[in-house]
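# Fold and geometry: a report
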Amino acid sequence: MKMRLILASVFIPLGIIIAAVPENTTKPFRLTAGELLNEIHEGTQFISTDQIADMLVQKDPSLQLIDVRTQAEFEKYSLPGSVNIPLSDLLSEEWNDFLDQGVKMNVFYSNGNLKANEAWMITRQLGFKNNYVLQGGLNYWAETILNPQAPKSVLADDEIAKYDFRKGASAALGGGNAVVSNSTEGKTAKPPIVKKKKKKKVAGGC
Amino acid sequence: MSEVKKTKYLNPYVGGVLLGLVLLAANFVSGRGLGASGAIKSAVVTTVSLVMPSHVENSAFYTEYKESHPGNLMKSWLVFEMIGVLIGGFLSGAFAKRLKFKVEHSPKITSKRRIIFAVLGGVLFGFGSQLGRGCTSGSALSGMAVLSVGGFLTMAFIFGTAFALAYFFRKNWI
Amino acid sequence: MGPLIVNEIISPNTNLLIAMLIGIGFGFVLESSGFSSSRKLAGMFYGYDTTVLKVFFTAAITAMIGLLFFSLFGWIDLSYVYVNPTYLTSAMVGGAVMGAGFIIGGFCPGTAFCALSIGKLDALAFIGGLVLGIIFFTEGYPMWEDLYKANFMGTPTMNELLDIPRGIFALGLILAAFAMFWVGEWAEKKFPREEY
């Protein structure tokens, strides 16, 4: 008998508290500030324009370019195969599956580094993997891929090979400097895609 | 209920709180509730696939089940949990000196009748737990803790039917 | 933070070890509360022993309130906790069949294992029955597949269905549970049974 009263005097106040406070709907950050600082310091999120150009030329299916600029800017010019997720829409539900996944390599880009890096920082703190940033953004893209400058002939061979590659990529991707050239592989290793476990599927049943 | 018997078992409210904490731990660590019949199902499916592999290929249920549960079926959360239940129950019984082989039944019926009814009840419960996607622990108790509509519904129907039929089987128990 | 397995804080194998520890706790609590006795379990339906009601609902509200507070403190992300899917028809029919099995057999699967662990032979018979019942279900699966999958509602929770905050629902459930405990203790006094 007494136990019931003790229990009631504990549970009913707890119930009143839980009924009175609003539900916790914040998305928990999964990385500590220190971990994030470390990743920023190492700059592992940056992908070079050469690498993206190569993946585009090869039509690598694992690449997903994401334009974080405004819709107007996106309509004016965008990289082939990219989708537009303006920075203000980043946290909306409809993009959640897109950004938090373990299949594709998402690469954010904007005009410079800034907006894309902001998008990366937010998604990274939410614990999303496989999101990267196009180094230098579209400005650097135009400078290096669309209008590559011929290196001085005294430079090392790999510089010239890089230039040849950029010229080729430029031709393939519609740059201003459409010179046909036998492009050499300027390939760098692409970052590994971290397979994410399907979270929701904790098996249940009895 | 005599005083002696009363002290033998844990106070039901204390037991309930402890059981609730176990369930909370399961949810916190593994993101899931408790269960029992799923472990038997794993064992059944494993045995059937060992004994009659060709049968498993042709049966719609086994194919679906295997698709949704890849890997070794016996290496599942529920199977390990049920091994734990056997150990835990044994330990508790050993501490309380309740370990004894016996058939528990009402003085009004024979052991044989009790066993027949136990098997019959088991068949019904086994069938119902598959249809209802979980038994009292997996569906009703764990479901209620996460406020699942299915959990509440199953709980209401289990206890509702048992109450409704209680009169017809009173001789077995009272 | 939680659930630990989803956030990859522990490995799948550790998870299995923990499953066993949780099972030990589960079995220990069931046995110490008297769930290894079929007559104690069945007593609930005749009013002479409402232990089942008390343990069951106390456990449900303890775990529920625990989860809600954990969520409030940000210790667990409830969207990753498994919520049983609701199939309207099969939940009702299955529940009714289980109810019949409960009153006839005197156990449910969890308590049968618990009773077996201390040597109850009727529990062994019940488990044998469970195996038969499951085989019966799997073998005749095409016959009840439609029933099994009918009226799928996704994974709704009670508070979503009623469209109230879950805290309010939780408070309501706690009050309902204590009302039931009160009725249960009244029934125990009204329908006493001495020996079992």
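Just so it is clear, the structure is predicted and the values come from calculations on it, not from any experiment. (Residues numbered from 1 in each chain as written. Chains lettered and ligands numbered in written order. Predicted model: local features only at pLDDT ≥ 70, side-chain atom pairs only at ≥ 80, totals over all residues. Heavy atoms only, no water.)

Tallying each qualifying case throughout the model produces 10 salt bridges over all chains. One salt bridge in this structure joins D67 of chain A and R69 of chain A, with 2.8 Å as the shortest N-O distance. Here D67 of chain A falls in the buried class, since its relative accessible area comes to 0%. Among the residues examined, R69 of chain A registers a relative accessible area of 5% and is labelled buried. Between E31 of chain C and R98 of chain B there is a salt bridge, with its nearest N and O atoms 2.7 Å apart. (Salt bridge = Lys/Arg side-chain N within 4 Å of Asp/Glu carboxyl O. Buried < 20%, exposed > 50% of the residue type's maximum accessible area, 1.4 Å probe, protein only.)

Moving on, we get to the pairing of strand β4 (residues 105-109) of chain A. Residues and elements named next belong to chain A. Burial analysis of β4 places 5 of its 5 residues in the buried class, which makes it a mostly covered element. Every second residue of β4 is oriented toward a common face, with M105, V107 and Y109 on one face and N106 and F108 on the other, all of them buried. Judged from the 5 bridges that link them, strand β2 (residues 63-67) and β4 form a sheet pairing that is parallel. Across the sheet, residue L65 finds its bridge partner in β4, namely V107. Of the strand pairs in this sheet, β4 and strand β5 (residues 131-134) are connected by 3 bridges, and their pairing is parallel. Residue pairing across strands places N106 opposite N131, the latter belonging to β5. Following the backbone out of β4, through helix α6 (residues 114-125) and into the adjacent parallel β5, one traces a crossover that is right-handed. (Helix = DSSP H or I, 4+ residues; strand = E, 2+ residues; numbered from the N terminus. Pairing = 2+ DSSP bridges. Right-handed = clockwise from strand over helix to strand, strands pointing away.)

To characterise two packed helices, one gives the angle between the axes of the helices and the distance between these axes. Residue and element names in this part refer to chain A. Where helix α2 (residues 33-42) meets α6, the closest approach of the two axes is 11 Å, and the angle between their N-to-C directions is 140°. Here the hand of the crossing between α2 and α6 comes out right-handed. Along its contact with α2, which presents L36, E39 and I40, the element α6 presents W120, M121, R124 and Q125. (Axes fitted to C-alpha atoms, helices over the stretch in contact; angles between N-to-C directions. Left-handed = near helix turned anticlockwise from the far one by under 90°. Contact = heavy atoms within 4.5 Å.)

Residue and element names in this part refer to chain B. Looking at chain B, the domain boundaries give domain 1 (9-101) and domain 2 (102-173). Inter-centroid distance (C-alpha atoms) of domain 1 to domain 2 is 17 Å. Each side of the interface is counted separately: domain 1 has 11 residues, and domain 2 has 11 residues. Interface area, domain 1 with domain 2, both sides summed: about 790 Å², of which 60% is carbon and sulfur. The tally of links from domain 1 across to domain 2 stands at 0 salt bridges. For the pair domain 1 and domain 2, the interface holds 3 residue pairs in polar contact (both at pLDDT 80 or more). (Domains from an automatic or database assignment. Buried area = accessible area lost by both parts, 1.4 Å probe. Polar contact = N/O pair within 3.5 Å; in protein donor to acceptor, adjacent residues only side chain to side chain.)

So, about the interface of chain A and chain B. Each partner contributes residues to the interface: chain A has 9 residues there, and chain B has 19 residues. Inspection of the chain A/chain B interface yields 0 salt bridges. Counting the contacts that link chain A with chain B gives 0 residue pairs in polar contact (both at pLDDT 80 or more). When grouped by side-chain class, the residues that make up the side of chain A that touches chain B number 6 nonpolar, 2 polar and 1 charged. (Nonpolar A, V, L, I, M, F, W, Y, C, P; charged D, E, K, R; others polar.)

Residue and element names in this part refer to chain C. Taking the numbering used here, the UniProt-annotated feature "transmembrane region" (unreviewed entry) corresponds to residues 12-30, 51-76, 96-116, 123-144 and 164-183. Within the segment residues 12-30, helix and strand shares are 100% and 0% respectively, and the terminal C-alpha atoms sit 26 Å apart. Span residues 164-183 is 90% helix and 0% strand, its end C-alpha atoms 27 Å apart. (UniProt positions renumbered as here; feature names shortened; annotations may be inferred.)

This next bit is on the nonpolar core. By size, the foremost hydrophobic cluster in this structure holds 114 residues, and its most contacted members are L19 of chain B together with F45, Y46 and I103 of chain C. With 15 residues, the top contributor of residues to this core is helix α3 (residues 51-72) of chain C. Beyond its immediate stretch of four places on either side in the chain, Y46 of chain C contacts A166, F169, R170, W173 and I174 of chain B together with I103 and F191 of chain C. (Core = buried A, V, L, I, M, F, W, Y, C linked by side-chain atoms within 4.5 Å.)

Considering the arrangement of structural elements, one finds S90 of chain C in helix α4 (residues 88-105). Excluding residues that lie within four positions of it along the chain, S90 of chain C makes contacts with L131, G132 and R133 of chain B together with G95, L147 and Y148 of chain C.

With that settled, the discussion passes to helix α3 (residues 37-51) of chain B. Helix length check: α3 of chain B (15 residues) gives 21 Å between terminal C-alpha atoms against 21 Å at 1.5 Å per residue, within 8%. Extensive coverage of α3 of chain B is indicated by the burial of 11 of its 15 residues. Packed against the buried residues of α3 of chain B are α4 (53-58), α5 (60-68), α6 (77-95) and α7 (111-131) of chain B together with α5 (109-117) and α6 (121-139) of chain C. (Expected span 1.5 Å × (residues − 1).)

Before going further, it helps to spend a moment on the UniProt feature "transmembrane region" (unreviewed entry) in chain B. All names here are of chain B. On the UniProt side, "transmembrane region" (unreviewed entry) is annotated at positions that read residues 12-31, 76-95, 115-132 and 144-169 here. Between the C-alpha atoms that bound residues 12-31 there is a distance of 26 Å. The span itself is 95% helix and 0% strand. Secondary structure content for residues 144-169 is 77% helix and 0% strand, and the end C-alpha separation is 28 Å.

The subject of this paragraph is the environment of S110 of chain A. All names here are of chain A. With respect to the helices and strands, the residue S110 is situated in the loop between β4 and α6. Given the relative accessible area of 1%, S110 is considered buried. Between the alpha carbons of S110 and L79 there is a distance of 10 Å; along the sequence they are 31 residues apart. Setting aside residues up to four positions removed in sequence, S110 forms contacts with V68, R69, K115, A116, G137 and L138.

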